[in-house]
Each structure stands twice: as C-alpha cells, then as structure tokens.
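This is what each chain is made of:
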Amino acid sequence: MGDILIVDDERDIRELISDILKDEGFTTRLAGTSDEAMAQMNKEPPALMILDIWLKDSNMDGIDILKSVKRDNPEVPVIIISGHGNIEIAVAAIKQGAYDFIEKPFNIDQLLVVITRAMETSRLRRENSELRRKDVTTAEMIGSSPAFRALKSQLDKVTKSNGRVMLSGPAGAGKEIAARYIHANSERANGPFVSVNSASIEADRMEEVLFGRESAGRGVEPGLLEQAHGGVIYFDEVADMPSGTQSKILRVLTDQQFQRVGGGDKVRVDLRVISSTTRNLEAEVAAGNFRQELYHRLNVVPVDVPSLAERREDIPELAGHFIAAFNKSQGLPLRELSEDAVAMLQTMNWPGNVRQLKNVVERVLILGADKGEIEASEIPGDAQPAGSEEGRVILSGSLATLPLREARELFEREYLLTQINRFGGNISRTAGFVGMERSALHRKLKSLNVVTSSRSGARVATVAEEEEEEDA
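As the structure is a prediction and not an experimental result, all values here were calculated from the model.

Visitor: So what's going on with the pairing of strand S4 (residues 78-82)? Which residues, and what values?
Guide: Among the five residues of S4, five are classified as buried, and the element is accordingly described as predominantly covered. Neither face of S4 is exposed, since Val-78, Ile-80 and Ser-82 on one face and Ile-79 and Ile-81 on the opposite face are all buried. Here four bridges tie strand S3 (residues 48-52) to S4, and the two strands are oriented parallel to one another. Looking at S4, one finds that Asp-52 is bridged to Ile-81. For the crossover from S3 across helix H3 (residues 62-72) to S4, the handedness is right-handed. Pairing geometry for S4 and strand S5 (residues 100-103), over four bridges, is parallel. Each residue of the ladder has a partner; that of Ile-79, found in S5, is Asp-100.

Here it is, written out as structure tokens:
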C-alpha cells in the first residue's frame, strides 16, 4: 500500500506503530535519531513520514527534519506526533508544511484515518502532476519544410544533453512548443515542466513567484523554481525579467540553490533551464538592460525558431493538425481545406505566425459550415497578403488560386490600373515609370480592356464594361 518512515526516539513507540501499520498492509522503516532519519530519506524518500517532535541524542529536532524534508522532498506528507504537544508546536509544524499533528498518547484509529487521508492527498497530487506531464509530452512538432527539419534536427541534438538552451524567434513562432519538445524527449521527461512568462509577472512580485516565500502567517509557499525541481524551467521572454531578479537567477544557475523570500534556509534545486526571447539580447546587453553574465550562461546552445513565413510549406499540415485538434478538444467540424483555401493561407501575411494561423483555423471552424471543404472565401478577410519582405512581390490569395495565364493577366491589369491612377491618368508618366514605350503601353491597356476617362475633374483608369469592349 505504501512505504512509511517512522521516526521516534522511543523504540517501543516506533515498533508499536510499525506493527499496527504492517497489519494494515503498509511497509515500514524505522529511525530513532535525526541522522538515521536523514539517511533513510537520502536512501529513498518514503510515501509518508511519521515524525516525533522531540528526539533525544539527535543533532536535529522534528521541526528541523520537517523543514529539510519539505525543502528537498516536498511531495512527502509528514504527520507530526509528540508527547509534549501544545497549540504553538502544532501551528509551527503545520506552517512548515506538516500534513497534520497528533498528540501522544494517540488513538490508533485516529492515526490510521490521518495516514489514509494523507496518503490519498499525496496520491491525488501525484496523479495531477502526472497528468500535467503527460500533456506536456504530447506536445507535437508539426512540419516537413527544410526550415522545420533544420530546427527539429537542432532540437534532437540538445535533448541528449543537459545544456541550457536559448530559443530566439518572433512571437507566436512556436518557441514554447520547441521547449516542451526538448523536455519531452530528454531524460527529464518524467519531471515537471514549469513555464515562467517573464512579461506577465509584475516586477515587484517576480522574486516571490520564482523563489517562493516564508511567513509566520502562511508558512512555506514554494515558488516556481522549487516546483520545477528535477525537471525543466522555461523562461519565456527572458528579456523582460527585472534587473534585480536577473542577478539572483544568475546565482541560482551558479549554485543550484536559493533562499525563499522571508526565509533563511537554502533550498537546493536540480533544474534544466530553457529560455526564449523575441528581442536581440546582445543589443539588450549593450544597452544595459540585460546582464551580460546571465546572457552567456543562458545562451549556451542558441536555437533560432523560424517564422511561419520561412516555412510556408508547413501551413497545410499545420492547419490540418489544428482542425483535428479542435475537433477532438471542442467538437468543432472535421473539415478539409480546399486547394483555393490552401493557396490563400500560404500567400497570406502572418505577423502572428503559427499562433495566428491556429486562431484563424479556429475562427473558420466556429463560424463556417458544419461540413464540406473549407473554401478560400471563408478565410478571414482582415489578414493581409504576403509581400512585406524585401524583394518579394505582393501576391494576393485570390491570385494564387488561378492558372498562370489568368493570374498574369489579372496582375498586369491591377498593376497598371494602380500606376495610372497613381499618376493622375497621365499615360506618359506611367509609361516612363513602368519602363514601357507609350505606344506599347496603349496596346497593353487595350488588350487588358483598361480605359481612362474623366471623373470629377480627374482622369482615372477603369476596366471597360464587357459590352463596350464588344462594341469597340
């Protein structure tokens, strides 16, 4: 049922408790001094500890042992027993993290009830932790483009080590997914993954959130660093970490220990650190906004996470993955993308990267039809066409869905309409700008059915009505 460590300086008491627990199906270990107790804890943490407050001939009393256990093995429930109990001792024990306090001479049935409840609470906490870890390990890396394959190759290499990783890339590109992938495929996969959003935590609360706190009124409250013990802590947008906290994190990376806010004891942690940023940290260091020593310690293995614009080939696969995920999690329609919709998605501008694509897919599934292919017309019109990159041509989604001949004709028509109207209907200036002879431009405009006319005192270019073209 469970392994229970019984710590009491009275041999008869610890053996009596042991015999009772064995009859109930538990396995037990016994310790008569603090040294024996800590040796047993270091050998293998028990499922539960029964701890006497007063221990003769020991270097530590029960409260000291309790502090040590809760610092290094916070998941182990501790039940305090004492023949000299009073309300102050009980309160002190509970504040330090004890599950309950029982005064000697204790009722056996009462002790068994408390043990059963403590074990059940511990089991539920472990199950919740396992569920969170299971969710982490199912984080998938989706894609097959050259940029994606290069990223995944880098990530696969760093999973084999314990080195600190710095993930750089634009917002929404998937840096946290990359961090979770490293964790899920490393030797720490069974440990916790704790994410720290440096930008969302108020500066005056950052240290309390990271390091935890100790106070007379609320006892020990573990921070995120403590919760990540044995696993990975992920600093998202690390450039937003307050300068005062940066120096303390640097100390944690050096010593693997820290003090809680308001506390005096050192808390030891075993962590792998992964960080991410959308900024140029070297520039932040030069500007005095980020500590150079911390930058070098975090940037052991730099990994660039590409934007969605750099991996457009992955868009159909990513969209299909999101459609399946929303169907499973929310019951949204399981629809496929039409060729036109795929072309539209691949030619749109994605400043929000993969996160924006996911939001667009969810929006289409919520507002669209219940079945049938997703058409290009269903894609939200507020997304802008691609082409902001230097040297790229602006290509609308609708243009990308046409055969080359029709697309070329449509592009030339729209391009020349734009240029003529830009120059106020002046054909000579337009011809000079576009690099055509005036006579050649006239012939091209005629073939494209583009005419100029006066409107409200200005000459504008328009597409002639079909009937007018036929009459001509």
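Visitor: Describe the packing of aromatic side chains, and please don't skip the residues or the numbers.
Guide: The geometry of two aromatic rings is summed up by the distance between their centres and the angle between their planes. Per the stated rule, a full pass over the model turns up three aromatic pairs. Measuring from ring centre to ring centre gives 5.5 Å for Phe-211 and Phe-258, while their planes differ by 50 degrees; the resulting arrangement is tilted. Remark: Phe-258 occurs in strand S11 (residues 257-259) and Phe-211 occurs in helix H8 (residues 206-211); sequence separation between them is 47 residues. The two residues Phe-211 and Phe-258 agree in class, both being buried.

Visitor: Could you give an account of the pairing of S3, with specific residues and numbers?
Guide: Extensive coverage of S3 is indicated by the burial of five of its five residues. In S3, alternate side chains face the same way, and those of Leu-48, Ile-50 and Asp-52 on one face and Met-49 and Leu-51 on the other are all buried. Here four bridges tie strand S1 (residues 3-7) to S3, and the two strands are oriented parallel to one another. Bridge pairing links Val-7 to Leu-51 in S3.

Visitor: Account for the pattern of salt bridges, with residues named and values stated.
Guide: Counted under the stated rule, the structure contains 18 salt bridges. In this structure, Glu-226 engages Arg-260 in a salt bridge whose closest nitrogen and oxygen atoms are separated by 2.8 Å. Taken together, the residues Glu-226 in helix H9 (residues 224-227) and Arg-260 in the loop between S11 and strand S12 (266-268) connect sequence positions 34 residues apart. The two residues Glu-226 and Arg-260 agree in class, both being buried. A salt bridge links Glu-409 to Arg-413, with the shortest nitrogen-to-oxygen separation between them at 3.3 Å. Taken as a pair, Glu-409 and Arg-413 lie in helix H17 (residues 404-422) at a separation of four residues, close to a single helical turn. Take Arg-413: its relative accessible area is 16%, and that puts it in the buried class.

Visitor: An account of the confidence of the model for the protein chain is requested, with residue identities and associated values reported.
Guide: Looking at the protein chain as a whole, the pLDDT averages 85, with 87% of positions reaching at least 70. Confidence, read as mean pLDDT per element, is least for helix H20 (residues 466-471) in the protein chain (44) and greatest for strand S6 (residues 165-168) (97).

Visitor: I'd like to hear about the sheet that holds strand S7 (residues 193-197), residue by residue, with values.
Guide: Two modes of strand pairing occur in sheets, parallel and antiparallel, and in both the strands are linked by backbone hydrogen bonds. What the five strands build is an open sheet, ordered S7-S10-S13-S6-S14; its pairing is parallel. The open sheet has two edge strands with one neighbour each: S7 and strand S14 (301-304). On average, each strand axis in the sheet is inclined to that of its neighbour by 20 degrees, with strand direction left out of account. Bridge analysis of S7 against strand S10 (residues 232-236) gives five bridges, and the strand direction is parallel. Bridge pairing in S10 links Val-196 to Phe-235. Docked against the sheet, helix H6 (residues 146-158) engages S6, strand S13 (272-277) and S14, running at close to 155 degrees with respect to S14.

What counts, and where the lines are drawn
The numbers attached to residues start from 1 for each chain and follow its sequence in the written order. Note on the predicted model: pLDDT of at least 70 is required for a residue's local features to be given, and 80 or more for side-chain atom pairs to be given and counted; whole-chain, interface and lining totals, by contrast, use all residues. Each side-chain value is derived from all of the structure's non-hydrogen atoms; neither hydrogens nor water enter the calculation. Any residue under 20% of the maximum accessible area for its type is buried, any over 50% is exposed, and the rest in between are partly exposed; the area is computed with a 1.4 Å probe on protein chains only. Secondary structure follows DSSP: runs of H or I at least 4 residues long count as helices, runs of E at least 2 residues long count as strands, and numbering of each begins at the N terminus. Any two strands are treated as partners once DSSP identifies two or more bridges connecting them. When the strands point away from the viewer, a crossover counts as right-handed if the route from the first strand across the helix to the second turns clockwise. Here the aromatic set is Phe, Tyr and Trp, taking the six-membered ring for Trp, and pairing holds for ring centres within 6.5 Å; pairs whose planes are under 30 degrees apart are stacked, those over 60 apart are edge-to-face, and all others are tilted. By convention in these notes, a salt bridge is any Lys or Arg side-chain nitrogen within 4 Å of a carboxyl oxygen on Asp or Glu. The pLDDT value tells you how sure the predictor is about a given residue, anywhere from 0 up to 100. Fitted lines through C-alpha atoms give the axes, limited to the stretch in contact for helices. The angle between two N-to-C directions lies from 0 to 180 degrees. We call two residues in contact whenever any of their non-hydrogen atoms come within 4.5 Å of each other.

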